[in-house]
Amino acid sequence: MKNVIEKYRAEINYFIEVLKQDSNICLDNFYRNLKTLKIYESDAINDSPNADAAYDYKTNKIILTPKSFKLQSFYHELFHMASRTKKNNILYDGFLAINTSNNQEYGRGLNEGYTELLCERYFGTATDYYIERIFLKQIEKILGESLLKEHYFSPRDESIFEELEKYTSDEETSNFFRNLDYYTFVAERDDNKITEADLQELIDNCVLFLYKAYMNKLSQKGEDSDEDKINEYINGFTLAEVEVVPIGTIKIIKSLIDKGLVVIEDTKKYIK
Ligand SMILES: [Zn+2]
């Protein structure tokens, strides 16, 4: 296949111009990967027929489908490229970590959610990974915006996993990663094999994890009786800015209340 990177040079330059405005973003990996980046055009993306773009982090290649080209998808893949780096025998792509000796990976759900959140923030173009984006906004409230950005663009010694573990346990954090990875895997494939109830349980578990982590964070700071903060956090799970309310959004809040965790006036309007 022919490398058509020059055809997309203007879009790449615009991407750089926008990200350069944010002094918290480290672009070292972006510039290093850009030197060897290849862009190929194809009629379809292998393995994901619904996708119109893809990034192969192993070979640093973006594949685009010219017939259904979407600028937003191209930016999404550029974020993947900008956050790719290797450390010891681990290949990092943002929050996705791949052990190159056995190909095991974790963090895909977290990574796609944050990548799409960045597209939303910097280019106003997010459409995909709705539930993951909600979760990442909630994680941002626990760990802070700048820490997440630092981890994403150039992984630090302490991983994002370890950062979250400070507010929960090792087992709970692994379960959260596993649940979110599985949710993303299923959602990307439109997999009918999973029932709505199972999907709901998966989402509920993620919500409960994030709620607990946030409460522990507040408790560590002595702010756990701040009802405004807690209400705001809970409402963060109920974003309704999309026309089609995705599975889970309303039920999540209902299940939180059913479990006796919170009863807040504002959320009652969501309960049918
Ligand atoms: Zn992606």
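Note that this is a predicted model, so its numbers are computed, not measured.

1. Things to note about the overall build of the chain
The helix and strand tally for the chain stands at twelve helices and seven strands. Looking at the chain as a whole, 32% of its 272 residues are labelled buried. Contacts in the chain between residues at least 24 apart in sequence constitute 55% of all its contacts with a sequence separation of at least 6.

2. A closer look at the pairing of strand E3 (residues 61-64)
When strand E1 (residues 38-41) meets E3, the two strands line up parallel, connected through four bridges. If you follow Ile 39 over to E3, its bridge partner there is Ile 62. Linkage of strand E2 (residues 53-56) to E3, two consecutive antiparallel strands, is achieved through a turn of four residues, within which Asn 60 is found at a positive phi near 60 degrees.

3. Re the confidence of the model for the chain
Taken over all residues, the pLDDT of the chain has a mean of 84, while the share at 70 or more is 85%. For residues 240-250, every residue scores under 50 in pLDDT, and the model assigns this stretch 14 contacts once sequence neighbours within four places are set aside. Across residues 260-272 the pLDDT falls below 50, and counting only partners more than four positions away or on other chains, this stretch makes 19 contacts in the model.

4. Let's talk about unusual backbone geometry
Phi is positive for Asn 60, which is not a glycine, with a value near 60 degrees. Along the chain, the position of Asn 60 falls in the loop between E2 and E3. For Asn 60, a count of 17 C-beta atoms within 10 Å puts it in the partly exposed group. For Asn 88, which is not a glycine, the phi torsion comes out positive at approximately 50 degrees. Checked against the element boundaries, Asn 88 lands in the loop between strand E4 (84-87) and strand E5 (90-93).

5. Observations concerning helix H5 (residues 130-143)
Given a rise of 1.5 Å per residue, 14 residues ought to cover 20 Å, and the 20 Å separating the end C-alpha atoms of H5 matches this to within 8%. Of all 14 residues that make up H5, ten are buried, and the element is covered over most of its length. Turning to H5, its buried residues number three or more, namely Tyr 130, Ile 131, Glu 132, Arg 133, Ile 134, Phe 135, Leu 136, Gln 138, Ile 139 and Ile 142. Gly 144, located one to two residues past H5, shows a positive phi value of around 95 degrees.

6. As for the sheet that holds strand E7 (residues 105-106)
Read across the sheet, four strands follow the order E4-E5-E6-E7 without closing on themselves; strand pairing throughout is antiparallel. For this open sheet the edge positions go to E4 and E7, each flanked by a neighbour on one side alone. One ladder, built from two bridges, connects strand E6 (residues 96-99) with E7; its direction is antiparallel. Bridge pairing links Ile 98 to Glu 105 in E7.

7. With respect to the packing of H5 against helix H6 (residues 145-153)
As a packed pair, H5 and H6 sit with axes 7 Å apart at the nearest point and diverge in direction by 110 degrees. For the element pair H5 / H6, the angle class is roughly perpendicular. Of H6, the residues touching H5 (which contributes Ile 139, Glu 140 and Leu 143) are Glu 145, Leu 147 and Leu 148. Classifying every residue of the contact of H5 with H6 by side-chain character gives four nonpolar, no polar and two charged.

8. Points about the nonpolar core
In terms of nonpolar packing, the biggest core is built from 60 residues, with Ile 62, Leu 78, Tyr 114, Phe 135, Cys 206 and Leu 210 touching the most fellow members. With nine residues, the top contributor of residues to this core is helix H9 (residues 196-220). Apart from residues lying up to four places away in sequence, Tyr 114 is in contact with Gly 94, Phe 95, Leu 136, Leu 148 and Tyr 152.

9. Focus: the packing of helix H1 (residues 9-20) against helix H3 (residues 71-82)
Taken N-terminus to C-terminus, the directions of H1 and H3 make an angle of 60 degrees; their axes are 11 Å apart at the nearest point. In terms of orientation, H1 lies oblique with respect to H3. Relative to H3, the crossing made by H1 is right-handed. Residues Glu 11, Ile 12 and Phe 15 of H1 touch H3, and the partners they reach there are Leu 71, Phe 74, Tyr 75 and Leu 78. Partitioning the contact of H1 with H3 into residue classes produces six nonpolar, no polar and one charged.

10. Some points on the sheet that holds E3
Pairing in this open sheet of three strands is mixed, and the strands run E1-E3-E2 from one edge to the other. With one partner strand each, in any of the chains shown, E1 and E2 form the two edges of the open sheet. Sheet twist, expressed as the mean angle between neighbouring strand axes with direction ignored, is 20 degrees. The sheet contacts of H3 involve E2 and E3, and relative to E2 the element is tilted by about 10 degrees.

Parameters at a glance
Residues numbered from 1 in each chain as written. Predicted model: local features only at pLDDT ≥ 70, side-chain atom pairs only at ≥ 80, totals over all residues. Helix = DSSP H or I, 4+ residues; strand = E, 2+ residues; numbered from the N terminus. Buried ≥ 20, exposed ≤ 12 C-beta atoms within 10 Å, placed from the backbone. Contact = placed C-beta atoms within 7 Å. Pairing = 2+ DSSP bridges. pLDDT = per-residue confidence, 0-100. Expected span 1.5 Å × (residues − 1). Axes fitted to C-alpha atoms, helices over the stretch in contact; angles between N-to-C directions. Parallel < 35°, antiparallel > 145°, perpendicular 65-115°, else oblique. Nonpolar A, V, L, I, M, F, W, Y, C, P; charged D, E, K, R; others polar. Core = buried A, V, L, I, M, F, W, Y, C linked by C-beta atoms within 7 Å. Left-handed = near helix turned anticlockwise from the far one by under 90°.

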